[in-house]
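Chain residues, written in single-letter form:
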Amino acid sequence: MGGGELPGLLVNEIGGIHGILHGHVALLKKHFYLITMKEFLENRKHMSKKVQAIYLWWHKPIINRELLQSLPNLKVIANSGVGMDHLDLKLVASFGVKMANAPYAVSSSTADTGMALLLASARRLVEGYHVATSPGMEYSEADLLGVEVTGATVGIIGMGSIGYKIALRAKAFEMNILYHNRTRRKEQEEQAVGATYCEKIDSLLQQADFVMVVVSLTPQTHKLIGKREMELMKPTATLINISRGAVVDQEALVTALQTGVIRAAALDVTYPEPLPRDHTLLKLKNVIITPHLGIKTDKATYMVTEEAVENILAALNGLPIPSEVLPS
Amino acid sequence: ISRQETFSNFLVASVMAEEELPGILILDIGGTHGVLENLVPLLKKHFRLITMKEFLENKKEMSKKIQSVFVFECRPTVDRELLESLPNLKVIGNSGVGVDHLDLKMISNFGVKVTNTPHAVADSTADIGMALMLASARRLVEGCQIAVSPDTKCFAVDWLGVEVTRATLGIVGMGSIGYKVAQRARAFDMRILYHNRNRRRKEEEEAVGAHYCEKMEDLLQQSDFVMLVVNLTPETHKLIGKKELGLMKPTATLINISRGAVIDQDALVEALQNKVIRAAALDVTYPEPLPRDHPLLKLNNIIITPHIGTATVQAIRMMAEEAIANMLAVLNGQPIPSEVFPK
């Protein structure tokens, strides 16, 4: 079969440290004629009409006006993840192109990452590892005391699918669950996880031992957690961010951690990623930073591609798109 | 009413005048191996505190006063010599649930009782088990190193861990701690297998969705994560050796929150080097700490933590309260909540 029958799918690259995973290629090739950016740029005239869909893998390729203008048959852009803050939704929509994300595939893995960070920070796991494995190991238990997770209070900011899965996990640790969200969840959903709604974020910040930030990045959530919010938190509290780096005011966080305004922080996301190598956050003892673990597992990444394929096929066949994202 | 409140109430009711207080021997206050300083007021409420140093400086007078020994992080060492020098010793109260560092037969021959603290340790230890499983699966420690390394220019997207949600967890040892691990793992939609000397009641199994494996081999062959939560006894010594590691999946992770000697460490080194299993996460080793040139410290598919299973402010306090309540029960001739008997 030539490249003619299957719809063309544009991807940034295949393999290497940034490209589509090799293990996903067979699945994509089953439904699409795969075109890399390199191939497209080398043969624009021929390729441009073939591209009906783009699969964004970790935010690449970059979608700009120039690219959109050069793809006359583009119908849909599918994103490998749930966050869409790297896309100009209005611009894409103005070209009549639909967009989809992958909320189902990401929620469990991201919730697991949130819990992993919460536990690692509370129990000083990374510090403990260094003590256990480095030379000169004389230490006192008093130097490595962490804080209890079981029975503590977790405040979840952003109770979408990921936030809710965190609540389900936290419940099993007998945690007291508070949440803040644009809209309140249904009563049965709250009761199923024993979550108490905090209409004002202040109330959540004042009571939580662990503040878990699980929101989308939008103009409204940019620097949502700043100096004021951190000062409302308990000095014994831990801040965990699995959303986007820009949701937290990083300069304010540095100050808060250095002066004991909060006990510790655990960040799976920063702004930028990675941080400049001389950034103060990298030097603080009471912060853990992970390299956007998010959904980086074999199973979750494959499910993301499966979900993207499903969305793309729906769009190309004129059917309702399961996870369509509209500009607000 | 929580367990913590139960023990606290019991202690409040038991406070007596200072001169009458029974003597309790501890290694030291503070420092590397001593009792944590913030526990001292709690101990002094019920006992006359005598440190090892004070005892050795004034054996003649102190020896008769000591009715109990508070063993904190396995210290002081309770040997024959010590037991012979304490004629009025009635109880050794251990902080923690494992008593493999105590010679139960020998102590019993002296007519001295031994107590442990099973209730105070369970939640914290289950939490550490979960923390280690998640950290290992998601390569958290490696990730932290990448995040701060001066050589890092970008985060590779083909750098992956393994999924915890919906994976299979095999729990070896389903006592209170093992059961609490099962409760937590269930919330991650994990499929839970367990192996135990005795099968749990059906309702208990159903409550956490756990399937009993009469043969440990079956559990080992099916699990993505194997968590060891047993006591150290002659029967569980080197429970996991070359054969058991060979039965595990090459994609599986071994987590140990029991005692180091439950695993044949040499066999583990080999298994990790040859990728017979994917990775291991150990809160306990034999000895603790490992010698600095030990091969386990050189592997990159292992996380080791320095026995922090109960290393939280709250857990340490709860263990002390539970130990004190047990010791007072012995001294007052009341029913003892957690006595440990030699086999």
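Residues numbered from 1 in each chain as written. Chains lettered and ligands numbered in written order. Predicted model: local features only at pLDDT ≥ 70, side-chain atom pairs only at ≥ 80, totals over all residues. Heavy atoms only, no water.

Some remarks on the nonpolar core
Across soluble globular proteins, nonpolar side chains have a tendency to be buried as a group.
Stage number 1. Among the nonpolar cores identified, the biggest contains 133 residues, and Tyr55(A), Phe70(B) and Phe225(B) are the most heavily contacted of them.
Stage number 2. Broken down by element, the residue count for this core peaks at 12 residues, all from helix α7 (residues 118-137) of chain B.
Stage number 3. Core analysis: the second largest hydrophobic core is formed by 32 residues, Val213(A), Val254(A), Leu257(A) and Val287(A) among them. (Core = buried A, V, L, I, M, F, W, Y, C linked by side-chain atoms within 4.5 Å. Buried < 20%, exposed > 50% of the residue type's maximum accessible area, 1.4 Å probe, protein only. Helix = DSSP H or I, 4+ residues; strand = E, 2+ residues; numbered from the N terminus.)

What about the packing of α7(B) against helix α9 (residues 176-186) of chain B?
Residues and elements named next belong to chain B.
Stage number 1. Between α7 and α9, the least distance of the axes is 8 Å, while the angle of their chain directions is 50°. Here α9 runs oblique to α7, going by the angle between their axes. For the pair α7 and α9, the crossing hand works out as right-handed. Along the contact surface, α7 presents Val121, Ala122, Asp123, Thr125, Ala126, Asp127 and Met130, while α9 presents Ser176, Ile177, Lys180, Val181, Arg184 and Ala185. (Axes fitted to C-alpha atoms, helices over the stretch in contact; angles between N-to-C directions. Parallel < 35°, antiparallel > 145°, perpendicular 65-115°, else oblique. Left-handed = near helix turned anticlockwise from the far one by under 90°. Contact = heavy atoms within 4.5 Å.)

A short note on the UniProt feature "domain: D-isomer specific 2-hydroxyacid dehydrogenase catalytic" (unreviewed entry) in chain B
Stage number 1. Under the feature "domain: D-isomer specific 2-hydroxyacid dehydrogenase catalytic" (unreviewed entry), the UniProt entry names residues 36-340 of chain B.
Stage number 2. Span residues 36-340 of chain B is 39% helix and 16% strand, its end C-alpha atoms 24 Å apart. (UniProt positions renumbered as here; feature names shortened; annotations may be inferred.)

Some points on the sheet that holds strand β5 (residues 98-100) of chain A
All names here are of chain A.
Stage number 1. A sheet is described by the order of its strands in space; here five strands give the open sequence β2-β1-β3-β4-β5, paired in parallel fashion. Each having just a single partner strand, β2 (33-36) and β5 make up the two edges of the open sheet. Neighbour-to-neighbour, the strand axes of this sheet turn through a mean angle of 25°, independent of strand direction.
Stage number 2. Strand direction decides the pairing type here: strand β1 (residues 8-11) and strand β3 (residues 51-56), joined by three bridges, are parallel. Within β3, the position partnered with Leu10 by the bridge is Ile54. (Pairing = 2+ DSSP bridges.)

Examining the pattern of salt bridges
Stage number 1. Per the stated rule, a full pass over the model turns up 29 salt bridges over all chains.
Stage number 2. Between Lys227(A) and Glu231(A) there is a salt bridge, and its shortest N-O distance comes to 3.3 Å. On the criterion of helical spacing, the pair formed by Lys227(A) and Glu231(A) is a turn pair, its members being four residues apart in helix α11 (residues 227-232).
Stage number 3. Accessibility expressed as a relative area gives 48% for Glu231(A), which makes it partly exposed.
Stage number 4. Ionic contacts of the salt-bridge type, sharing partners, join the residues Asp123(B), Asp127(B), Lys180(B) and Arg184(B) into one network. (Salt bridge = Lys/Arg side-chain N within 4 Å of Asp/Glu carboxyl O.)

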